[in-house]
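This is what each chain is made of:
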Amino acid sequence: MKRILPLIGLAALLSACGLRPVYSGGSHGAVAQTLGNVEVQPIEGKGGWLVRNALNDRLAAMSGNGPTYKLVVKLDDQISGFGLRADTAITRERRTLRARYQLVDVATGAQLIDDTAGSDAGIDVTSSEYATIAAEDTALERLSQTLADQIVARIALYAARDTQR
């Protein structure tokens, strides 16, 4: 009983703080329906293809009535070398993927969100060019998943706040 009482008190404190689940209502809740109504516009390049597919994978799981919003994404993909040996050969690279994205209401053309997301990954440069290119590609795949998660989370927060008004 002594162990259960503090847990009950903690639960009471958390319920009083105003925290609510973002995805309340499950796949038929307001946030899920908003996410299900987002159409991702084509994004340039290999990274754009990966990010768009990752976004579509996350948004397709939600229920929606059709595209009410369009998501416009522009990527900036950079690889820079920063680890140097005595012979000035690069031993480490950083791949940085940044996205500027805008959520636009299709009916009115109003821009609802204008934000950025980004992440980076370190890559070891080896004597094998193939291994280095494979590592760069793997980093791009991981970064595109991270960006998609950040973008969907931001749109979900917008939808949650919009339903509270």
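Preceding this paragraph is the structure being described.
Residues numbered from 1 in each chain as written. Predicted model: local features only at pLDDT ≥ 70, side-chain atom pairs only at ≥ 80, totals over all residues. Heavy atoms only, no water.

**Thoughts on the overall build of the protein**
Helix and strand counts for the protein stand at 4 helices and 4 strands. The order of helices and strands in the protein, counted from the N terminus, is α-α-β-α-β-β-β-α. Looking at the 165 residues of the protein, the share that counts as buried comes to 30%. Restricting the contact set of the protein to residue pairs at least 6 apart, pairs at least 24 apart contribute 63%. Carbon and sulfur atoms make up 53% of the accessible area of the protein, which amounts to about 10200 Å² in all. (Helix = DSSP H or I, 4+ residues; strand = E, 2+ residues; numbered from the N terminus. Buried < 20%, exposed > 50% of the residue type's maximum accessible area, 1.4 Å probe, protein only. Contact = heavy atoms within 4.5 Å. Areas by Shrake-Rupley, 256 points an atom, 1.4 Å probe, with all protein chains shown as cover.)

**Examining the nonpolar core**
L55, L71, L103 and I151 are the most contacted members of the largest nonpolar core, which totals 33 residues. Within the residue set of this core, elements represented by two or more residues are α2 (30–36), β1 (38–40), α3 (45–60), β2 (69–84), β3 (90–105), β4 (111–124) and α4 (129–164). If we ignore the near neighbours within four places in the chain, the residues touching L103 are V38, Y69, K70, L71, A110, Q111, L112, I113, I155 and Y158. (Core = buried A, V, L, I, M, F, W, Y, C linked by side-chain atoms within 4.5 Å.)

**Concerning the environment of L59**
Within the secondary structure, L59 sits in helix α3. Here the alpha-carbon distance between L59 and V38, two residues 21 residues apart in the chain, equals 7.2 Å.

**A short note on the pairing of β4**
Walk down a regular strand and you will see the side chains alternate between the two sheet faces. Bridge count for β3 against β4 is 13 bridges, and the pairing is antiparallel. Paired with R95 across the strands is A121, a residue of β4. (Pairing = 2+ DSSP bridges.)

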